Structures are given as C-alpha cells and as structure tokens.
Amino acid sequence: MTFLVSPFTAVVASVLALSSRPLLAQPAEEGPPAEVAAPAKAAEPLDIRQEIDKVKADLEKLSGGVSISGFFDIQATNPRNDPSIVSMGDFEVDFAKELGKNVQVGAAVVVNEEGASLAVAFVDFHFFGGLIAPRGKLPVEKGFHVQLGRFDVPFGSDWQYFASKDRTEASAPLTTDVIMGGGYNATGLRILGNSGSFNYTALALGGNGSGKVFGGRFGFTPLNKPYQLKPLTHVFEAGASLLHDLDGDGATRETSFALDSEIAAGPCRLRAEYLRKDTRAVEGQGERVVQSGGHVTAVFDAGEVAGAPMTPYARYDTVTKDAGAGADAGGTKRLTAGLNAVLFRLVTLKVEYQRILAAPLELQAQDGFGRDTWLAQVVVVF
C-alpha cells in the first residue's frame, strides 16, 4: 500500500512620535508666557500576531469568506545528516470556506524541495457539528461529516500531527517515518462521527492501480464531559484502526493495524501508539514483509519562562522488520528528548536530541549513520 505524503515574513516597525517645544511668543508687556505643549507619548509597539490576524480577517472579507492560514519551517541538523546543515522544510497554505449551512470546502497547498503539491482538497457535508480544519486535529464536539476528496488518512493518532505546526516535537516517531513512509495521504471518501463518548471514521480510498483500500478507526472517550465549556479536550482516549488494501482482483495486498491512546492530566500529556503492517508477497518477486513498532511520547506544559510558553518532551520509539527467512530481523530503538518554545505567539522554536539505542546491521552500514543526532526547527505560523 503506497500513499503520497504529505516565505511568509512579518516586518514590524516601531513608530515613535516625537513632539517639539513650540517657540515662545514675545510677551505683551507683563502678559504670561505661552503654554508649552506636553510631549506626546511613544506609540505602543505593534503586536505581530494581532497584525497578522487583522490581515487574515481583511483577506477573508475581500475573498468572500475564504479563511487563509499557513506556516513554514526551517530545519538544522548535524553535518553528518545534512551537509548543508540548514534546510527549508514545508511551506504550507490552508484554505477553508463555508458554502451554506451544511457544506464546507478545505484545501492545503504544500511547497518544499520536491516541488508543489495539493496535500488536501475536500468537500465536507456536515449535518451538525463544528467545522473541519484542512489538516490537524478533528473537533471534539458532537458531529457527523461526510467528506470527498484528498486528505490525511486517520490511522492511529499521529496522523493529526503530520504538519510541523501541529507537532510538539521536531521529528516524527519511527512508526510514522518508517512503517507509514512519512504518513498516509490519499483520495477517497471518509465519514467522521462523534457522539461525545466515542468517535469513529470509515474510509474508502483509492489504492495502487485498480486496487482499493478500506478501513477506519474507532475511538473511545469515556471521561469526556458533554456540558464542559470550551475549549473541549479529550481527558482520555483509546483507539483502534484498520486498513485493508486489495488489488484489482480483490486479493489482499496489505493489512495495517494500529492501537493508540492519549491521556491528559493537568500540565502532562501522554501518547502511546502501536502499529503493525503486513505486506503480502507479490507473485514473482519479493517475500512477505511484516513491520511493527510503537512509541510513547510524554509532553509537559511548563508554563511561561520570560514570557514564552515552554514545553519539554520525551519519546521512546521502536520498529522491527521481518522480511522472511535469512533476513535481518533486528529492530531500531531510539530515545528522543527536546524543548518546544513559542515566541511572540508567532514562532515556535524546537530543539531536540536523539540517541539510537539499537539498530540492525543494515541501518548501521548506511552512509551518515550515527547514534547521536541534534535537531533544531523554527516554525512560523501565520
């Protein structure tokens, strides 16, 4: 099963109003001196986030209700991983518009080193419930949606963090990078529903050639409070996902299964995920390949330090690959720790350290392999 994955700059000028003391008029005989004007107060510095939001609101009015948002990111890493050290990541612009009471359209255009692509483009029919952002987390309010088009595939839980603006960490888990090839994105139909205590997704997608992919996800949220004031959040969620890839003759080509959970307690949030992908042997070539792995990611909201919200995080993840008799079935185990800081409500700075605890010989033999890696990422959201 193969899916296709998926600058804006702000200039601020501080204006200082200066007043000059007017010339004193010559007093008429014993008359009092002319009054001196008080110096004007310095203008308040412009709030970059407010200015950007104002521009977006003006554009939405001029475009007839099309809301526009986006981000771009810049990455830096060890020279061993990238000889240029610094590189541009994705530049993404998201569009959304309501068409009447029950219809919405959404799209996301992504530009990177590989060129430009339409990562998301769908029509959403919602009979009740909140609007759907082109990418990222789904609304937790009760709702029912039917969507046609291209979108990120709800499989497991990490699909909600594919875009760097949505991910706390600088890197994705090994389960996403290795097993899912960077993340599933496809064209087809998806049905989304949420009752408050549980949510579900049903999928019918285009596969390779004449093949089709069917599946979905079921999530259980027993601790949700239906009358809680906004913003609503999941206190606890557990989910199970399945994707079944069929060829043109109806034979199984690939089966993917995932279990995920997330719990939030005060400033702490813990996410866990397990994936297994079973790829059948193609007639005349290759062998059956089974990949599996999981990750546990912990995030802590440390509050503001010098006016900037700080979020330290840590992750342990692992993947294994079994490609049949005689193949190297060793696994990769990795430990990741980092810090996420939000500056001026506009820029997110992420600094991350990775340590590979174990790796198969095949991976160790690759050029540029190293057990220790440093990453830095700047994400600008507009």
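The structure we're discussing is the one just above.
Residues numbered from 1 in each chain as written. Predicted model: local features only at pLDDT ≥ 70, side-chain atom pairs only at ≥ 80, totals over all residues. Heavy atoms only, no water.

### Quick word on a nonpolar patch on the surface
Moving on, step 1. Side chains of Leu343, Phe344, Leu349, Val351 and Trp374 sit close together on the surface and give an oily, nonpolar patch of about 500 Å² of accessible area.
Moving on, step 2. Position of leucine 349 relative to the elements: it lies in strand β16 (residues 347-358). (Patch = residues over 30% accessible without salt bridge, like charges linked within 9 Å, V, L, I, M, F, W, Y side chains within 5 Å. Areas by Shrake-Rupley, 256 points an atom, 1.4 Å probe, with all protein chains shown as cover. Salt bridge = Lys/Arg side-chain N within 4 Å of Asp/Glu carboxyl O. Helix = DSSP H or I, 4+ residues; strand = E, 2+ residues; numbered from the N terminus.)

### Remarks on the pairing of strand β4 (residues 115-128)
Moving on, step 1. Two elements, strand β3 (residues 103-112) and β4, share 10 bridges in a ladder whose sense is antiparallel. Along β4, the bridge assignment pairs alanine 108 with valine 120.
Moving on, step 2. Between β3 and β4, which pair antiparallel one after the other, the connecting turn spans 2 residues.
Moving on, step 3. As paired strands, β4 and strand β5 (residues 143-152) are joined by 7 bridges and run antiparallel to one another. When the bridges of β5 are listed, valine 123 appears paired with leucine 148. (Pairing = 2+ DSSP bridges.)

### Details of the pattern of salt bridges
Moving on, step 1. Taken as a whole, this structure holds 21 salt bridges when the rule is applied.
Moving on, step 2. With a closest N to O distance of 2.7 Å, arginine 135 and glutamate 92 form a salt bridge. Taken together, the residues arginine 135 in the loop between β4 and β5 and glutamate 92 in strand β2 (residues 86-98) connect sequence positions 43 residues apart. Each member of the pair arginine 135 and glutamate 92 is classed as buried.
Moving on, step 3. A salt bridge links aspartate 317 to arginine 334; its shortest N-O distance comes to 2.9 Å. Here aspartate 317 is found in strand β14 (residues 308-322), whereas its partner arginine 334 is found in strand β15 (residues 331-343), with 17 residues between them in sequence. Each member of the pair, aspartate 317 as well as arginine 334, carries the same accessibility label: buried. (Buried < 20%, exposed > 50% of the residue type's maximum accessible area, 1.4 Å probe, protein only.)

### Brief notes about the side chain of asparagine 78
Moving on, step 1. Note on placement: asparagine 78 falls in the loop between β1 (67-77) and β2.
Moving on, step 2. Excluding residues that lie within four positions of it along the chain, asparagine 78 makes contacts with Asp372, Thr373 and Trp374. (Contact = heavy atoms within 4.5 Å.)

### Things to note about the pairing of β14
Moving on, step 1. Of the strand pairs in this sheet, strand β12 (residues 289-300) and β14 are connected by 10 bridges, and their pairing is antiparallel. Pairing of threonine 297 across the sheet is with arginine 315, part of β14.
Moving on, step 2. With 2 bridges joining them, strand β13 (residues 304-305) and β14 adopt antiparallel strand pairing. In the sheet register, valine 305 faces β14, and the bridge partner there is alanine 308.
Moving on, step 3. Connecting β13 to the antiparallel partner β14 that follows it, the hairpin turn spans 2 residues, and alanine 306 within it adopts a positive phi of roughly 55°.
Moving on, step 4. Where β14 lies against β15, 11 bridges are found, and the strand directions are antiparallel.

### Structural notes on the side chain of glutamate 92
Moving on, step 1. Given the relative accessible area of 0%, glutamate 92 is considered buried.
Moving on, step 2. Within the structure, the side chain of glutamate 92 is placed 2.7 Å from the side chain of arginine 135, a separation counted as a polar contact.
Moving on, step 3. Ignoring any residue separated from it by four or fewer positions in sequence, one finds glutamate 92 in contact with Ser69, Gly70, Phe71, Ala108, Val109, Val110, Arg135, Ala163 and Phe382. (Polar contact = N/O pair within 3.5 Å; in protein donor to acceptor, adjacent residues only side chain to side chain.)

### Some thoughts on the environment of serine 67
Moving on, step 1. Mapped onto the elements of the fold, serine 67 is located in strand β1.
Moving on, step 2. For the pair serine 67 and phenylalanine 95, spaced 28 residues apart in sequence, the C-alpha separation works out to 5.7 Å.
Moving on, step 3. Excluding anything up to four places from it in sequence, serine 67 contacts Glu60, Asp94, Phe95 and Ala96.

### Considerations on the packing of aromatic side chains
Moving on, step 1. The full count for this structure, using the stated rule, is 7 aromatic pairs.
Moving on, step 2. On the numbers, 5.8 Å between centres and 45° between planes, the contact of phenylalanine 155 with tyrosine 184 is tilted. In this pair, phenylalanine 155 sits in the loop between β5 and α2 (174-179) while tyrosine 184 sits in the loop between α2 and β6 (185-194), placing the two residues 29 residues apart along the sequence.
Moving on, step 3. Residue phenylalanine 155 is classed as buried on the basis of its relative accessible area of 2%.
Moving on, step 4. Site record: aromatic cluster; members linked through ring pairs are Phe72, Phe91 and Phe382.
Moving on, step 5. Over the ring of phenylalanine 151 we find arginine 190; its NZ or CZ atom is 4.6 Å from the centre of that ring. (Phe/Tyr/Trp six-rings, centres within 6.5 Å; stacked < 30°, edge-to-face > 60°. Lys NZ or Arg CZ within 6 Å of the ring centre and 35° of its normal.)

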